[in-house]
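What follows is the residue order along each chain.
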Amino acid sequence: TTEAVRVTTWSTINVRHNVYSVPSRLIGEEVRVRLYEGRLEVFYNGQRQLGMERQSGRFGHRIDYRHVIGSLMQKPGGFARYKYRDDLFPTATFRAAYDALCDAPHEGIGADVDYLRILHLAASTMESEVEIALDLLLSERRVPTADQVKALASPRRPEGPVDMPVLTVDLGAYDSLLRGTAVAS
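Since this is a predicted model, take the numbers as computed values, not measurements.

This brings us to the nonpolar core. Formed by 29 residues in total, the largest nonpolar core has its most connected members in F79, L88, F94, Y115, I118, V130 and V149. For this core, the elements supplying multiple residues, two or more each, are α1 (65–74), α2 (92–103), α3 (110–124), α4 (127–139) and α5 (146–153). Setting aside its immediate chain neighbours within four residues, F94 contacts F89, Y115, I118, L119, A122, E127, V130, E131 and L134. Judged by nonpolar contacts, the second largest core, of 14 residues, contains I13, Y20, V22 and V33.

Structure representation (structure tokens):
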């Protein structure tokens, strides 16, 4: 079946009493949702935007942190009271990192801000690289601040050759090719 639903300001849709996150660029837009037995697909302007596993029953939720991280970064104080906060821990390592941040001395909402910055880094780079950095810091019993994780997980610019000789091209070979006098080597 197909249903038309509007995307909320929290980048979610409600389909058959279950909540799903969608990309934040769709906030306020009406999308069409195709429901299948075990999955659903979201379409906007006739183009498929994403597909995901369908929740069974009622009052379930499937929130992808990549969809909501932009909104949470704008209002980091909302993270503590976010209804689907547990969905924003992609792995147990991320949860352990957040717990370590909460246990460390911070001013105000410092732990939440640091964790959201880590989550934003995972969304904008490679989640697996961020998780490896978190694992390393936690195994060393260090509090995994966003700056430390970024230093370990951010992709480095590849280094090119330092002194590459300037190549010169003999255009005479092309001229001889055009005249038909090229010699095969």
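It is a general feature of regular strands that their side chains alternate between the two faces of the sheet. Bridge count for strand β5 (residues 39–44) against strand β6 (residues 47–53) is 6 bridges, and the pairing is antiparallel. Within the sheet, the bridge partner assigned to R39 lies in β6 and is E53. Two successive antiparallel strands, β5 and β6, enclose a turn made up of 2 residues, where N45 displays a positive phi of approximately 55°.

Here we come to the sheet that holds β6. The sheet built from 4 strands is open, its strands ordered β1-β4-β5-β6 with antiparallel pairing. Each of the sheet's edge strands pairs with one partner strand only, and the pair in question is β1 (2–6) and β6. Going across the sheet, the axis of each strand differs from the next one's by a mean of 25°, ignoring polarity. Bridge analysis of β1 against strand β4 (residues 30–35) gives 5 bridges, and the strand direction is antiparallel. When the bridges of β4 are listed, R6 appears paired with E30.

Cut-offs used in this document
- Residues numbered from 1 in each chain as written.
- Predicted model: local features only at pLDDT ≥ 70, side-chain atom pairs only at ≥ 80, totals over all residues.
- Heavy atoms only, no water.
- Core = buried A, V, L, I, M, F, W, Y, C linked by side-chain atoms within 4.5 Å.
- Buried < 20%, exposed > 50% of the residue type's maximum accessible area, 1.4 Å probe, protein only.
- Helix = DSSP H or I, 4+ residues; strand = E, 2+ residues; numbered from the N terminus.
- Contact = heavy atoms within 4.5 Å.
- Pairing = 2+ DSSP bridges.
- Axes fitted to C-alpha atoms, helices over the stretch in contact; angles between N-to-C directions.

None of the figures reported here should be taken as evidence of function without further support.
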